[in-house]
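Observations on the model geometry
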Amino acid sequence: SFEKNNRIFTDIPEFDQLMGGGIVEGSVVLVGGEPGIGKSTIMLQIASKLSQKSVNVLYTTSEESYEQIKLRANRLNLQSIDFLLLATNRFENIISAIDGEKLDFLIIDSIQTIYADDIGAIAGTVSQVRYITYKLVEIAKTKNITIFIIGQITKEGFIAGPKVLEHLVDTVLYFEGDYSKGYRILRATKNRYGPTNMVALFEMRDRGLVPLEFNKLYTKYEVPGKVMTIVMEGNRPLIIEIQSLVANSFFNYPRRNTTGFDISRLNMLIALIDKRCGFNISNYDIYINIAGGLKITETAADLATVVSIVSAYKNITIPNDTMFIGEVNLSGFISPVSFLNNRLAQAKQYGFKRAFIPTESKVDDKKGIDLIFIKSILELNNYI
């Protein structure tokens, strides 16, 4: 007979929701991200939270000393540091600690700096990472120990470690974020026990990572080129601010630059504006930025992006309480999007008064927000 998977809550709601409703016992979780983005910080916070639940946690660090961990714990003002700590970069020492204690949780910080004597290679090589991860997965399943593995990646994301071990683990979490504003997005790209493409939003503060308030992801001022939309991350609606700048080009080939938006999608939308709307913007430099360090992959932001570019080109301001939702196809028509009612409910909750949506959309509750149905981007000339 199959046993039901038991879950343990960390009491960090954003993280528990990301995991699909708590951490599954005996699972192996990879937490990847660039150096300094907050991987060790959130693991210390989770270790502290779990230690308050009378579960045995071993935190192994191969990058920091005991004193450094203590300083970090004091800085984070953790309520409990009643967990085991082992500073070593030798895998056999970790195995000995596991055999000598009855553990519930094991945290490996980080996989690239640990080496096993059985493998004749330096730490961080593909063979070392693969071997150690395989052994850790075996330990997790045979001893029912939940294991968190921290994996470092470069800014280009090319390092071999995390890419090699992704298929071995049960859950893969990746940190993204805007360093300048302290925002951190923890994204689940694989989860055998819950939904994928979920995100947890955090803000880095003196006391560590704290849940981010939605309204911090966008600004209150009104300027040309700034347009609001709402995208889905898994089953979660997120309000997004799209910023555009259209400027005279001083190059033979106008520049196209995006931050958080697909460049090929932008080129398609520029061609549509040029062809369908009659605006000659192909000779202008065009820049797109998604506020808050977020990355958009959903086509439901197409309409808002078009409006943002036209707004910047015509130097016209779009009201802050207005939202644009819809996918633009190659004919210039606007296609309906999924989960529209969830998006509109979120928009109402945060005070938006008006929403431009595709004509063929079906809306359950039309109260509380003024809906403007739009069929084609040609109709934008009537409003902008």
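Coordinates for the structure precede this section.
Just so you know, these numbers come straight off a predicted model, no measurement behind them. (Residues numbered from 1 in each chain as written. Predicted model: local features only at pLDDT ≥ 70, side-chain atom pairs only at ≥ 80, totals over all residues. Heavy atoms only, no water.)

**Quick notes on helix α9 (residues 340-349)**
Working note: α-helix, 3.6 residues per turn, so residues spaced by three or four point in the same direction. Test applied: Exposure categories follow from relative accessible area, calculated using a 1.4 Å probe and restricted to protein chains: below 20% of the type maximum is buried, above 50% is exposed, and the middle band is partly exposed. Every helix listed is a DSSP run of H or I at least four residues long, and every strand listed is a run of E at least two residues long, numbered separately from the N terminus. Of all possible arcs, the one meant is that of the directions from the helix axis to the C-beta atoms. By the convention used here, residues are in contact when the closest approach between their heavy atoms is within 4.5 Å.
Inspection of α9 places L340, R343, L344, Q346 and A347 among the buried residues, and these make up the whole buried set. On an axial view of α9, the arc spanned by its buried residues comes to 160 degrees, and they lie on one face. Close packing links the buried residues of α9 with β12 (226-233), β13 (236-248), β16 (322-324), β19 (354-358) and β20 (370-374). Taken from the residues just after α9, G351 is the one with a positive phi, measuring 85 degrees.

**Regarding the packing of helix α7 (residues 263-277) against helix α8 (residues 302-314)**
Put simply, the test is: Throughout, an axis means a line fitted to C-alpha atoms (over the contacting stretch in the case of helices), and angles, computed between N-to-C directions, take values from 0 to 180 degrees. Any angle from 65 to 115 degrees is called roughly perpendicular, while one under 35 is roughly parallel, one over 145 is roughly antiparallel, and all others are oblique. Take the far helix as the reference: if the near one is turned anticlockwise from it by less than a right angle, the crossing is left-handed, and if turned clockwise, right-handed. The classification used treats Ala, Val, Leu, Ile, Met, Phe, Trp, Tyr, Cys and Pro as nonpolar, Asp, Glu, Lys and Arg as charged, and all other residues, Gly among them, as polar.
It is the contact of α7 with α8, at a shortest axis distance of 10 Å, that shows an interaxial angle of 60 degrees. As the angle between them shows, α7 and α8 are arranged oblique. Crossing of α7 over α8 shows right-handed handedness. Within the contact between the two elements, α7 uses R265, L266, L269, I270 and I273 and α8 uses D302, T305, V306, I309 and V310. Counted by class, the contact of α7 with α8 contains 7 nonpolar, 1 polar and 2 charged residues.

**Some words on the side chain of T258**
The line we're drawing: Nitrogen and oxygen atoms within 3.5 Å of one another constitute a polar contact, given that in protein one can donate a hydrogen and the other can accept it, and given that sequence-neighbouring residues count only through two side-chain atoms.
Residue position: T258 is located in strand β14 (residues 256-259). Judged by relative accessible area, T258 falls into the buried class, the value being 18%. Among the polar contacts made by the side chain of T258, one reaches the main-chain carbonyl oxygen of F261 at a distance of 2.7 Å. Not counting the four nearest positions on each side in its chain, T258 is found in contact with I263, L266 and I288.

**Observations concerning the pairing of β12**
Consecutive side chains along a regular strand alternate between the two faces of the sheet. We count it as follows: Should DSSP find at least two bridges between two strands, the strands are taken to pair.
Of all 8 residues that make up β12, 8 are buried, and the element is covered over most of its length. A two-sided burial pattern is seen for β12, the buried positions comprising K226, M228, I230 and M232 on one face and V227, T229, V231 and E233 on the other. Where β12 meets β13, 8 bridges bridge the pair, whose relative direction is antiparallel. Among the inter-strand pairings, V227 is bridged to a residue of β13, identified as I242. Hairpin connection between β12 and β13: a loop of 2 residues separates the two successive antiparallel strands, and G234 in this loop has a positive phi of roughly 70 degrees.

**A short note on the nonpolar core**
The test is simple: By nonpolar core is meant a set of buried Ala, Val, Leu, Ile, Met, Phe, Trp, Tyr and Cys residues that side-chain atoms within 4.5 Å join together.
Core analysis: the largest hydrophobic core is formed by 45 residues, its most contacted members being L303 and I309. Elements represented by at least two residues in this core include exactly β9 (183-191), β10 (198-205), β12, β13, α7, β15 (284-290), α8 and β20. Ignoring anything within four residues of it in the chain, the contact list for I309 reads S244, V246, L266, I270, I273, I281, I286 and I288. Core analysis: the second largest hydrophobic core is formed by 35 residues, M19, F83, F175 and L209 among them.

**Observations regarding unusual backbone geometry**
Most peptide bonds take the trans configuration, and most residues that are not glycine carry a negative phi. In this structure, the amide linkage connecting D109 to the following residue, S110, adopts the cis form with an omega of -5 degrees. For S110, the location among the structural elements is in the loop between β6 (105-109) and α5 (126-143). One non-glycine residue with positive phi stands out, namely S54, at about 60 degrees. Relative to the assigned elements, S54 resides in the loop between α2 (39-51) and β4 (57-61). Among the residues examined, S54 registers a relative accessible area of 69% and is labelled exposed. You will see that N315, though not glycine, has its phi angle at about 60 degrees, which is positive.

**Section: the side chain of S308**
Counting through the fold element by element, S308 comes out in helix α8. A relative accessible area of 0% means that S308 is categorised as buried. When near neighbours in sequence (up to four residues on either side) are disregarded, S308 contacts G225, V227, I242, Q243 and S244.

**So, the environment of Q68**
Mapped onto the secondary structure, Q68 falls in helix α3 (residues 66-76). The exposure class of Q68 is partly exposed, given its relative accessible area of 38%. A distance of 2.8 Å separates a polar atom in the side chain of Q68 from the backbone nitrogen of S65.

**Comments concerning the packing of aromatic side chains**
We apply this condition: Between the rings of Phe, Tyr and Trp (Trp by its six-membered ring), a pair exists once the centres lie within 6.5 Å; its type follows the angle of the planes, with under 30 degrees stacked, over 60 edge-to-face, and the other angles tilted.
Applying the stated criterion to the full structure yields 7 aromatic pairs. Between the aromatic rings of F105 and F148, the centroid separation amounts to 6.4 Å while the plane-to-plane angle is 15 degrees, which identifies the pairing as stacked. Of this pair, F105 sits in strand β6 while F148 sits in strand β7 (residues 146-152), placing them 43 residues apart in sequence. With a relative accessible area of 0%, F148 lands in the buried category. Taken together, a centroid distance of 5.0 Å and an interplanar angle of 80 degrees make the contact between F356 and Y383 edge-to-face. Of this pair, F356 sits in strand β19 while Y383 is found in the segment after β20, placing the two residues 27 residues apart along the sequence. By relative accessible area, which is 4% here, F356 ends up buried.

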